[in-house]
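In case you want the letters, here they are:
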Amino acid sequence: MHIAILTFEGYNELDSLIALGVLNRVKKADWRISIASPEPRVRSMNGVVIESMATLEEASAADAVIVGSGRHTREVVADQELMARLRLDPFRQLLAAQCSGTLVLAKLGLLDGVSACTDVTTKPWVQEAGVDVLNQPFFAKGNVATAGGCLASQYLAAWVIARLDSVEAAESALDYVAPVGEKEVYVARAMRNISPYLHDELATVPAGRNG
């Protein structure tokens with residue numbers, strides 16, 4: 001099981017790294033969680049340099065892909081050569097996008113007829129791409145999910161875990177990272193946001209799912 005987190009130059013640490021941390025709470029030998037970037041190293045919007053763990057081509061073949069946001073997302077979607085490397089397909093993958101990552105999915109034509117969530121700054125650009133933007137932190141239809149607001153990245157990670165493993169595994173991962181003394185209410189609130197979309201009649205199990 002390979003889950004790739006697309007992380008571009010100028011990335012938002014809260015998007016890519018919170019998702020990475022929550023997803024890695026699923027301790028399974030056959031799970032691989034990767035930061036996937038177009039270059040060997042990328043620098044965050046605040047100067048944090050990390051090394052890529054997978055190529056964009058590997059991400060395109062992953063079981064699930066989370067598209068993180070960042071300062072240069074409009075430059076990313078304007079780069080035709082880079083965008084051509086992203087061969088994402090909701091019929092064989094779970095696809096999720098955080099904040100301006102939603103713009104990437106929109107420009108790839110993966111949100112046609114699908115409402116989406118994003119952050120306040122990115123909202124007008126996503127609307128210009130013809131996508132209806134919702135005033136809520138999380139939304140999913142079929143195998144495509146979007147989230148708005150940096151700390152909503154936990155919802156994307158939990159949704160991916162619930163879809164590829166189980167609701168119990170998602171709750172356990174969230175419980176591990178939740179603040180002490182607030183774990184029950186924290187997990188309950190997160191699950192309320194994603195639960196309505198776990199039994200979407202349009203959702204299908206990605207072809208690459210193990211067991």
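Residues numbered from 1 in each chain as written. Predicted model: local features only at pLDDT ≥ 70, side-chain atom pairs only at ≥ 80, totals over all residues. Heavy atoms only, no water.

Asks: I'd like a rundown of the side chain of Ser60, residues and numbers included.
Replies: Examined against the element boundaries, Ser60 turns out to sit in helix H2 (residues 56–60). By relative accessible area, Ser60 is classed as buried at 6%. Once residues lying within four places of it in the same chain are set aside, the contact partners of Ser60 are Arg85, Leu86, Arg87, Leu88, Arg92 and Gln93. (Helix = DSSP H or I, 4+ residues; strand = E, 2+ residues; numbered from the N terminus. Buried < 20%, exposed > 50% of the residue type's maximum accessible area, 1.4 Å probe, protein only. Contact = heavy atoms within 4.5 Å.)

Asks: Tell me about the pattern of salt bridges, and name the residues and values.
Replies: Inspection of every chain in the model, using the stated rule, returns five salt bridges. Here Asp165 and Lys28 are joined by a salt bridge, their closest N and O atoms 2.7 Å apart. One end of the pair, Asp165, is in the loop between helix H7 (153–164) and helix H8 (167–177); the other, Lys28, is in the loop between helix H1 (13–23) and strand S2 (32–36), and 137 residues separate them in sequence. Two residues, Glu51 and Arg41, come together in a salt bridge whose shortest N-O distance is 3.3 Å. (Salt bridge = Lys/Arg side-chain N within 4 Å of Asp/Glu carboxyl O.)

Asks: Which residues make up the pairing of strand S1 (residues 2–6), and what values go with them?
Replies: With five of five residues buried, S1 is to be regarded as a mostly interior element. The two faces of S1 match: His2, Ala4 and Leu6 on one face and Ile3 and Ile5 on the other face are all buried. In this sheet, S2 lies alongside S1 in parallel orientation, the contact comprising five bridges. Among the inter-strand pairings, Leu6 is bridged to a residue of S2, identified as Ala36. (Pairing = 2+ DSSP bridges.)

Asks: Explain the packing of H1 against H7 residue by residue, including any values.
Replies: For any two helices packed against each other, one specifies the inter-axial angle together with the distance between the axes. In contact at an axis separation of 8 Å, H1 and H7 are set at 35° when each is read in the N-to-C sense. Crossing angle aside, the handedness with which H1 passes H7 is right-handed. In contact with Leu14, Asp15, Ile18, Ala19, Val22 and Leu23 of H1, H7 contributes Ser153, Gln154, Ala157, Val160 and Ile161. Grouping the constituent residues of the contact of H1 with H7 by class yields eight nonpolar, two polar and one charged. (Axes fitted to C-alpha atoms, helices over the stretch in contact; angles between N-to-C directions. Left-handed = near helix turned anticlockwise from the far one by under 90°. Nonpolar A, V, L, I, M, F, W, Y, C, P; charged D, E, K, R; others polar.)

Asks: Describe the nonpolar core, and please don't skip the residues or the numbers.
Replies: If you look at the biggest cluster of nonpolar residues, it comprises 74 residues, and the most contacted ones within it are Leu6, Leu23, Leu86, Phe138, Trp159 and Ile161. Examining the composition of this core, we find that nine residues originate from one element, H7, more than from any other. Residue contacts for Ile161: discarding those within four places in its chain leaves Val22, Leu23, Val26, Trp31, Ser166, Ala169, Ala170 and Ala173. (Core = buried A, V, L, I, M, F, W, Y, C linked by side-chain atoms within 4.5 Å.)

Asks: Describe the sheet that holds S2, listing the residues and the values that go with them.
Replies: Ordered in space as S2-S1-S5-S6-S8-S7, the six strands form an open sheet in which the pairing is mixed. The outermost strands of the open sheet, each flanked by one partner alone, are S2 and strand S7 (138–141). Each adjacent strand pair in this sheet contributes to an overall mean axis angle of 15°, direction not counted. Looking at chain direction, S1 and strand S5 (residues 64–67) are connected through four bridges and run parallel. Each residue of the ladder has a partner; that of Leu6, found in S5, is Val67. Across the sheet, H1 touches S1, S2, S5 and strand S6 (94–98), and the angle it forms with S1 is around 165°.

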